[in-house]
Amino acid sequence: MSFITAENIGHHYFTPSSVKTALKDVSFSIEEGEFVSLIGPSGCGKTTLLSILSGLLMPTDGQVKIDGQPPDLQKNMIGYMLQQDYLFPWKTIEENVLIGLKLNRQLEEKTKESALQFLQKIGLEGVEKQFPRQLSGGMRQRAALARTMAVNPKLLLLDEPFSALDYQTKLKLEDLVFDILKAYKKTAVLVTHDLGEAISMSDRVLLFAANPGRLHKVFEVPDELRSLSPFDVRSQDAYSDLFRIIWKELETLEEIK
Ligand SMILES: Nc1ncnc2c1ncn2[C@@H]1O[C@H](COP(=O)(O)OP(=O)(O)OP(=O)(O)O)[C@@H](O)[C@H]1O
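Residues numbered from 1 in each chain as written. Predicted model: local features only at pLDDT ≥ 70, side-chain atom pairs only at ≥ 80, totals over all residues.

K.L.:
Help me understand the overall build of the protein chain, please; the structure alone is not making it clear to me.
P.N.:
Scanning the protein chain from N- to C-terminus turns up 9 helices and 9 strands. Computed over its C-alpha atoms, the radius of gyration of the protein chain comes to 19 Å, within 12% of the 18 Å expected for a compact globule of 257 residues. Expressed along its principal axes, the backbone C-alpha trace of the protein chain runs to roughly 50 × 45 × 40 Å. Buried positions account for 37% of the 257 residues belonging to the protein chain. (Helix = DSSP H or I, 4+ residues; strand = E, 2+ residues; numbered from the N terminus. Rg over C-alpha atoms; globule rule 2.2 N^0.38 Å. Buried ≥ 20, exposed ≤ 12 C-beta atoms within 10 Å, placed from the backbone.)

Written out as structure tokens, the structure reads:
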């Protein structure tokens, strides 16, 4: 059985004056350790789908299973990286990184040590006692990654985690997150508006169409690209070829929006 299965997912938002079908009949599966990106025009339901995968939103139709259970029963195995780092400004980086462990009652000498070692691994050695305001945006996102990884989630939901960063920092962070998720064999679902990011980080790209939000096409990233870092992928011919193919599809979807 696949790690994630989504069968005929549908979601309607009910407002006093209308019903909005955000997702219709969406089915897919994701294997353990796979990195999958969701892309598509604005309003195609990417955020809605991520909320359903997180267990925070129940689909109005169909069902999702993560490791055989509905997402709301698997919240302990799901980690997040969002556009904003949501670090607590009044807590030090170390306190921020340990907060998930504390809330989950998993804060022990061993888990604390490995969380702090992880900070070193991702280049944040020496800032443990500093506050988020003293760090750059890229460093804060690294700290957010450390906080997420501290609780050892099996699945990471990444909602445009690099979109608020400057271009150079974003490329560096993409490489770092990719390396970490591969090294720790995590499963990841990334929502992004950046097609280059989607192709360079993923094993598969799921392209959605809008009105109603639905899965339009699935693109496999060629094997030859998957073993490379996202930065190196961007200079490959196979990357440019796939970029062009998906871009054309995206253009047609934007036109028929
Ligand atoms: N709480 C809500 N109430 C009513 N309609 C909503 C609500 N949330 C989202 N929608 C509508 O559902 C559709 C899908 O929204 P969603 O945010 O999931 O799309 P998206 O692909 O993430 O968009 P974007 O790329 O712009 O962030 C949109 O038409 C949106 O206006």
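K.L.:
Explain the sheet that holds strand β1 (residues 4-14) to me, please; I cannot follow it from the model alone.
P.N.:
One key point about sheets: their strands pair by backbone hydrogen bonds, in either a parallel or an antiparallel sense. Taken in spatial order, the 3 strands make up an open sheet running β2-β1-β4, and their pairing is antiparallel. Among the strands making up the open sheet, the edge pair consists of β2 (19-30) and β4 (61-66). Across this sheet, the average inter-strand angle for adjacent strands is 25°, counted without regard to direction. Pairing analysis gives 8 bridges linking β1 to β2, with the strands arranged antiparallel. Across the sheet, residue His 11 finds its bridge partner in β2, namely Leu 23. Contacting β1, β2 and β4, helix α1 (residues 46-54) runs over the sheet at an angle of about 60° to β2. (Pairing = 2+ DSSP bridges. Axes fitted to C-alpha atoms, helices over the stretch in contact; angles between N-to-C directions. Contact = placed C-beta atoms within 7 Å.)

K.L.:
Sorry, what's going on with the UniProt feature "domain: ABC transporter" (unreviewed entry) in the protein chain here?
P.N.:
Per the UniProt record, "domain: ABC transporter" (unreviewed entry) is annotated on residues 4-235. For the annotated span residues 4-235, helix accounts for 34% and strand for 27% of the residues, and the straight-line distance between the end C-alpha atoms is 31 Å. (UniProt positions renumbered as here; feature names shortened; annotations may be inferred.)

K.L.:
Please explain the packing of helix α4 (residues 137-150) against helix α5 (residues 167-183) as it appears in this structure.
P.N.:
What describes two packed helices is the angle between their axes and the distance between those same axes. Following both chains from N to C, one finds α4 and α5 inclined at 15°, their axes separated by 10 Å at the closest point. When the interaxial angle is binned, α4 and α5 end up roughly parallel. Along this stretch, α4 crosses α5, giving a crossing that reads as right-handed. Touching Gly 137, Gly 138, Gln 141, Leu 145 and Met 149 of α4 are Thr 169, Lys 172, Leu 173, Val 177 and Ile 180, all from α5. Looking at the contact of α4 with α5 residue by residue, the class counts come to 5 nonpolar, 4 polar and 1 charged. (Parallel < 35°, antiparallel > 145°, perpendicular 65-115°, else oblique. Left-handed = near helix turned anticlockwise from the far one by under 90°. Nonpolar A, V, L, I, M, F, W, Y, C, P; charged D, E, K, R; others polar.)

K.L.:
How should I be thinking about the site of the ligand in this particular structure?
P.N.:
Neighbouring the ligand are Tyr 13, Thr 15, Lys 20, Ala 22, Ser 42, Gly 43, Cys 44, Gly 45, Lys 46, Thr 47, Thr 48 and Gly 213. Within the residue set of the shell around the ligand, elements represented by two or more residues are β2 and α1. A breakdown of the residues in the shell around the ligand according to their chemical character gives 3 nonpolar, 7 polar and 2 charged. (Near = placed C-beta within 6 Å.)

K.L.:
Which parts of the structure should I look at to understand the packing of helix α2 (residues 93-103) against helix α3 (residues 109-121)?
P.N.:
For the pair α2 and α3, the least separation of the axes is 10 Å and the interaxial angle reads 135°. What the angle tells us is that α2 and α3 run oblique. The interaxial crossing formed by α2 with α3 has right-handed handedness. Between α2 and α3, the residues in contact are Glu 94, Val 97, Leu 98 and Leu 101 and Thr 111, Lys 112, Ala 115, Leu 116 and Leu 119, respectively. Partitioned by chemical class, the residues of the contact of α2 with α3 number 6 nonpolar, 1 polar and 2 charged.

K.L.:
Would you mind showing me how to read the environment of Glu 220 here?
P.N.:
In this fold, Glu 220 is placed in strand β9 (residues 214-220). For the pair Glu 220 and Leu 242, spaced 22 residues apart in sequence, the C-alpha separation works out to 9.2 Å.

K.L.:
Would you explain the sheet that holds strand β8 (residues 204-209) in this entry?
P.N.:
Taken in spatial order, the 6 strands of this open sheet run β5-β6-β7-β3-β8-β9, and their pairing is mixed. On the outer flanks of this sheet lie β5 (78-82) and β9, each paired with one strand and no other. Each neighbouring strand pair of the sheet contributes to a mean axis angle of 20°, computed without reference to strand direction. Note that β5 and strand β6 (residues 155-159) share 5 bridges and pair parallel. Residue pairing in the sheet places Ile 78 in a bridge with Leu 155 of β6. In the packing of α4 onto the sheet, the strands contacted are β5 and β6, and the crossing angle to β5 comes to about 170°.

K.L.:
Where do I start with the nonpolar core in this structure?
P.N.:
For soluble globular proteins, nonpolar side chains are generally found buried alongside one another. If you look at the biggest cluster of nonpolar residues, it comprises 61 residues, and the most contacted ones within it are Val 97, Ala 143, Ala 146, Leu 157, Leu 158 and Val 189. Ignoring anything within four residues of it in the chain, the contact list for Val 189 reads Ile 30, Val 36, Leu 38, Leu 50, Leu 53, Leu 157 and Leu 158. (Core = buried A, V, L, I, M, F, W, Y, C linked by C-beta atoms within 7 Å.)

K.L.:
Help me understand the confidence of the model for the protein chain in this model?
P.N.:
Predicted coordinates in areas of low pLDDT are best not read in detail. Averaged over the protein chain, the pLDDT score is 93; the fraction of residues at 70 or greater is 99%. Among the scores for the predicted complex, ipTM is 0.97 and pTM is 0.93. (pLDDT = per-residue confidence, 0-100.)

K.L.:
Would you mind going over α5 with me for this structure?
P.N.:
It helps to recall that an α-helix has 3.6 residues per turn; residues three or four apart then point in one direction. Here α5 spans 24 Å end to end across 17 residues, near enough to the 24 Å set by a 1.5 Å rise per residue. For α5, the full list of buried residues reads Leu 173, Glu 174, Val 177, Phe 178 and Leu 181. Here the buried residues of α5 occupy an arc of 135° about the axis, which is enough to place them on one side. Every exposed residue of α5 that faces more than 90 degrees away from the buried side is listed here: Gln 168 and Ala 183. In this fold, the buried residues of α5 make contact with β3 (35-39), α4, β6, β7 (187-191), α6 (195-201) and α8 (230-233). Immediately downstream of α5, the backbone of Lys 185 shows phi near 55°, a positive value. (Expected span 1.5 Å × (residues − 1). Arc of directions from axis to C-beta.)

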